[in-house]
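# Structure at a glance
Listed here are the chains, written in short residue letters.
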Amino acid sequence: MAREIPYIAAVEEALHLEMARDETVLFYGQDVAPSEDDKWRQAFGSDRVRVSPISETAEIGMAVGLALAGYRPVVELLMSEFMLVAMNQVVNEGPRLRYMSGGRVKVPLVLKAGYGFTAGWAGQHTGSIYSMFCGIPGLKVVVPSTPADAKGLMASAIRDDNPVCYLMHYLLVLEHGDVPEGEYLVPLGEAAIRRPGSDVTIVATGWTVGKALEAAEMLAEEGIDAEVIDPRTLQPLDMPTILASVEKTGRVVLADQATRHASAASFIAAEIAEHGFSSLRAPIKLVTALDATVPYSEPMEAYVLPNEAKITGAVREVLGTASAVA
Amino acid sequence: MPGRKAKAAAGATAPALDAGTAYDLLATMWRIRRFEERVAALHHSLLVHGLIHLSIGSEGVAAAVCRQLRDDDAAYSGHRAHGHVLAKGAPMDRVMAELMGRSAGLCRGLGGSMHLVDTAHGLMGATGVVGGNIPMAAGSALAAKIRGTDQVTVIFFGDGAVQAGVFNETVNLATLWELPLIFVCENNGMAEFTTRAEHTTVESVCDVVSPYGFDRQVVEGADVEAIWSAFGGYLARARAGTGPFLLECRTHRRRGHYEGDPLASRSALDDEGWARLDPIAQLEATANKRGWIDQQRARTITAQADVDVDRAIEVGRSSEPLTPAQAAGLVYA
Amino acid sequence: MSTTDVAALDDERLVWIFTQMLRIREFEERVKRTFEEHPGVIRGHTHLADGAEASIVGSVATMEPGDQLMATYRCHGYPIVLGTDTGAMMAEIYGRRDGLCGGYGGSMHLVDPERGFLGTSGIVGQGIPQATGVAFAAQLRKQGQVVLCFFGDGASKQGAFHESLNLASLWKLPIVYVMENNNYNVGTRSDQEDANAAAGEPLSVKARAYSMPGVTVDGGDPVAVYETVRAAAGRARRGEGPTLVESKVYRLSAHGNLIAPPGVPLHYPEHEAITVFGNREEYEAALRGDPVPRFRMRLVEPGTLSAERADQIAQRARDEMEAAVRFGLDSPFPEPEAATNHVYA
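Since we're looking at a predicted model, the values are computed, not measured.

### Description of the packing of helix H3 (residues 56–68) of chain A against helix H5 (residues 127–141) of chain C
Running from amino to carboxyl end, H3(A) crosses H5(C) at an angle of 55 degrees, the nearest separation of the two axes being 6 Å. As the angle between them shows, H3(A) and H5(C) are arranged oblique. Note that H3(A) runs across H5(C); the crossing there is right-handed. Facing Thr57(A), Ala58(A), Gly61(A), Met62(A), Val64(A), Gly65(A), Leu66(A) and Leu68(A) of H3(A), the residues of H5(C) in contact are Pro129(C), Gln130(C), Thr132(C), Gly133(C), Val134(C), Phe136(C) and Ala137(C).

### Structural notes on the interface of chain A and chain C
With 42 residues of chain A at the interface, the matching set in chain C holds 38 residues. The largest per-residue losses of area from chain A upon contact with chain C belong to Arg50(A), Tyr99(A) and Arg104(A), which jointly make up 21% of the total buried on that side. On inspection of chain A and its partner chain C, the count reaches three salt bridges. Here Asp47(A) makes a salt bridge to Lys142(C), at a shortest N to O gap of 3.0 Å. Where chain A meets chain C, there are 20 residue pairs in polar contact (both at pLDDT 80 or more). Of all the secondary-structure elements, those providing two or more residues to the side of chain A that touches chain C are strand E2 (25–29), helix H2 (39–48), strand E3 (49–51), H3 and helix H4 (87–100) of chain A. When residues of the side of chain A that touches chain C are assigned to their parent elements, the largest contribution, nine residues, is made by H3(A). Of the residues assigned to the side of chain A that touches chain C, the class counts are 18 nonpolar, 14 polar and ten charged.

### Re empty space enclosed by the protein
Applying the stated criterion across every chain yields a total of eight cavities of 30 Å³ or more. Roughly 380 Å³ of volume is contained in the largest cavity. Along the walls of the largest cavity sit 32 residues, with His79(B), Arg80(B), Phe157(B), Gly158(B) and Asp159(B) positioned nearest its centre. Those elements giving two or more residues to the lining of the largest cavity turn out to be strand E3 (153–158) and strand E5 (190–191) of chain B. If you tally residues by element for the lining of the largest cavity, the top one is E3(B), at three residues. Along the lines of polarity and charge, the residues of the lining of the largest cavity split into eleven nonpolar, 16 polar and five charged. As a volume, the second largest cavity reaches approximately 300 Å³. Taken together, 24 residues make up the lining of the second largest cavity; nearest its centre are Tyr73(C), Arg74(C), Phe151(C), Gly152(C) and Asn182(C). Where the lining of the second largest cavity is concerned, the elements lending two or more residues are strand E3 (147–152) and strand E5 (184–185) of chain C. In terms of residues, the lining of the second largest cavity owes the most to one element, E3(C), which gives three residues.

### Quick notes on unusual backbone geometry
Pro236(A) follows Gln235(A) through a cis peptide bond whose omega is 0 degrees. Among the structural elements, Pro236(A) can be located in the loop between strand E12 (233–235) and helix H7 (239–249). A cis amide bond links Gly243(B) to the next residue, Pro244(B), at an omega of 0 degrees. The phi dihedral of Glu178(B) falls on the positive side, at around 45 degrees, and the residue is not glycine.

### Observations regarding the sheet that holds E3(B)
Residue and element names in this part refer to chain B. In space, the six strands of this open sheet follow the order E2-E1-E3-E4-E8-E7, with parallel pairing throughout. Edge positions in the sheet fall to strand E2 (123–126) and strand E7 (216–220), since each has one partner strand and no second. Across the sheet, the mean angle from the axis of one strand to that of its neighbour is 15 degrees, orientation sign disregarded. Pairing geometry for strand E4 (residues 181–187) and strand E8 (residues 245–250), over six bridges, is parallel. Its bridge partner lying in E8, Ile-182 is registered against Phe-245. Strand contacts of helix H8 (residues 224–239): E3, E4, E7 and E8, with the helix running at about 170 degrees to E8, the strand carrying the most contacts.

### With respect to the side chain of Thr205(A)
Take Thr205(A): it is sitting in the loop between strand E10 (200–204) and helix H6 (207–221). Once residues within four sequence positions are removed from consideration, Thr205(A) is found in contact with Tyr130(A), Val143(A), Asp230(A), Pro231(A), Leu234(A), Ala255(A) and Asp256(A).

### Some remarks on the pattern of salt bridges
Enumeration over the complete set of coordinates arrives at 64 salt bridges over all chains. The salt bridge involving Arg34(B) is made with Asp306(B); its shortest N-O contact spans 2.9 Å. Of this pair, Arg34(B) sits in helix H1 (residues 19–44) while Asp306(B) sits in helix H11 (residues 295–317), and the two are 272 residues apart along the sequence. A network of salt bridges, in which partner residues are shared, links Asp149(A), Glu190(A), Arg194(A), Asp230(A) and Arg232(A).

### A look at the packing of helix H6 (residues 165–176) of chain B against helix H6 (residues 159–170) of chain C
Contact pair H6(B) / H6(C): the axes reach a minimum separation of 7 Å and the direction vectors enclose 120 degrees. Of the possible angle classes, the one that applies to H6(B) and H6(C) is oblique. As H6(B) packs across H6(C), the resulting crossing turns out to be right-handed. Seen from H6(B), the contacting residues are Gly165(B), Val166(B), Phe167(B), Asn168(B) and Glu169(B); seen from H6(C), they are Gly159(C), His162(C) and Glu163(C). For the contact of H6(B) with H6(C), the residue count by class is two nonpolar, four polar and two charged.

What counts, and at which threshold
- Residues numbered from 1 in each chain as written.
- Chains lettered and ligands numbered in written order.
- Predicted model: local features only at pLDDT ≥ 70, side-chain atom pairs only at ≥ 80, totals over all residues.
- Heavy atoms only, no water.
- Axes fitted to C-alpha atoms, helices over the stretch in contact; angles between N-to-C directions.
- Helix = DSSP H or I, 4+ residues; strand = E, 2+ residues; numbered from the N terminus.
- Parallel < 35°, antiparallel > 145°, perpendicular 65-115°, else oblique.
- Left-handed = near helix turned anticlockwise from the far one by under 90°.
- Contact = heavy atoms within 4.5 Å.
- Buried area = accessible area lost by both parts, 1.4 Å probe.
- Salt bridge = Lys/Arg side-chain N within 4 Å of Asp/Glu carboxyl O.
- Polar contact = N/O pair within 3.5 Å; in protein donor to acceptor, adjacent residues only side chain to side chain.
- Nonpolar A, V, L, I, M, F, W, Y, C, P; charged D, E, K, R; others polar.
- 1 Å grid on protein atoms, 1.4 Å probe; cavity = no way out; pocket = protein on both sides within 12 Å on 5 of 7 lines; lining within 4 Å.
- Points joined across faces, edges and corners; volume = space filled by probe spheres on them.
- Pairing = 2+ DSSP bridges.

As structure tokens, this is what we get:
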């Protein structure tokens, strides 16, 4: 039974259900449950739910220790950039421990943070830096774009026995969508086809999924039928779904809110170039943020980001229908 | 060879407040107060957008500290920087224009509230990441030491930053290297939305640095005279090339953590309670009692502040945002 | 094992302590000798605990069933005391299939979770927050477990140290932070990088910043270490929170073997006191104060342990570690394809 709830409520619903289901799941971080009558503390007690100081290295390092000692911590980091303060713990510790022990330990933990908040929060709070967590063996990265996925991926991330960066998108927190009640799991590593189509493949993540869908509507009016794919998990990446689409359409546009060389689009493009080359009828086109720290001023902020027009323009280019661009 | 500097006698060359200085400090504090109040209103009407943290309640620290600094002294601040920036001498219109995202802004609209920079006045940077630039301030101080000048660096930070590892890393180095660095902590007992007691067992920031043994003290943020005197004493010694020092100012954060903070109303004081913690009310009372200022003069101060803020808003509104092409050229040096 | 705070160490226990110290010393000697006797067998970087045996054994001897520990890349000593198979340990250091971790981690990343040794970090200070998390888990389980967190003096300059001790104090976690202060951080002396050391103060004063007790102990005396750590563990077990124990030791080898690109034979250089600071006298004095022969004398002189029995214990340790070396050398290498196993659980 599904009903419409906002993205942010869906995230919390999953966390709540998992904490009720499994008492080894913990939840802590800055500004988490500061008061006694906070709903999390009321539900699960002050042992399992805690507020911690601004100490990312300790907060994330502790999560590793808790996981080694048999717990499943969810750490609230608020913004993905704050993980940078503790990058060593994020990429160089937790994900590597199982491997270096020859499989003797496991590190189940979830690093929960928001990203992409391009709403005037200026250069240090608006990044899409998920690529820093990609390509680290042992570390998984999810980027849900719908409320249903936000719930299903959080539940799966908590149940996963590995460290997972759960990156929710701050521009989507109030977006409503159908979310099943009760236990609901979305497997990690599985892409979703948001809109089937036959003329061009658009791969998009997070907030750019919505942009891609709007672009697809605009293109439909021109008789162009776009297929929109949302990987949902960046690591491990569901390339078979993407490659099947490329085989069908032969043309690819990759939309990503990150800057070019820090985008998931860049490594998706590399995979397509290597494994889908024979299907391609045009070069792959990337639509990413421009190479600049996100500016504060509104018109400039909008300028550096991907949008529907840039996506439709890229589609016309790969279809060879674009007019000469200045 | 690094070593512990000898503790100088307390009270060495601690300057006293006089009528003229008190007037200047009041003027600065009112400028900050009026500026922040208007920014709150502008934020409500969306002329100023994004994440805004106001300094209402801590103007005394900004004024008493920055009034004693030179343009070539460096100051770093955190996300709650408007007061420090104005007090250190950044032109108000350029600060306002920055908050409005216009090209006339201090950072041409590229940084916004949390990233105000004005190197001409020694304002080396603010940061949105708590504690993020504490080590940078140590770098400034080290540069002064290497150059052999009498420049001093001030790092403004809140009590929330003290639990961050980088704070301790910097304290150790500043002590080891005897850097001319003055830590000015605005301890308002709140870090974002939670109280200090939920972050640490050690109530006073002075006690957190006690293992390092450098000179430090606590003053009330509403007692501008005490801040003036304490900071002045440290400043004189820092100019002689020694340090570090820590001044812990107990302030009150009048508004929520940020503009729009839904929890703000919860901790609101009544008028009497606020008046006791308001540095402006307290300094005005003191100045009145000592015959340094009268009601009429006090009114001209606030009137002038309003004029300045009006003008700043005008300048901001009439400035255009930077064009994308202009911004693109600023990514690299 | 008694559960009182300061349990008297009977003769048997003292002999056991001596035995473990000898085993660690012999193991580390054999690791070091491998560089000469079997060049190329050990790759990368190893870090030896010779000189710290008294501190290691004295600390680990306080552990009760269920207690746990985490350590740094200088980790060989702790599992030896816990009873981890030394053949598997040596094979791990030799990168072999039968190594403790299948050859995946090497010298710096030994682990034996079933015996309470939850792991190490190769990054200075980064195991401290992890151990703090293990203590958080222990607190939740309410089974009276205590966690020992081992690190060096260099780690106390890491932000992770500050953040972890603050939190452990705030939440009264059942942990003992054991700082093995050997006065060096690789090739830097503590007084060059630490304001307290520079001022001639013990590093245990840092505990003041976290409302926790800080105590300094002679890490060359296993009984003193035992009593100090035992008292701290008692505090933790009673829910009174953490303690910072500064155990003063002197490592008898260089920080680690020479770091060099392939082709250059790896070996152990002299201690940095000599190679960097030209202070041979300091090193010689440390050799004279070597805790292993010192403790032997302390047991043999009053007759607690006969010289013959002490010699037997030493011989058994030599035999054991000779067998460990053989086991390691005889163990095959893992299959290359195994490299992609164990990435995920």
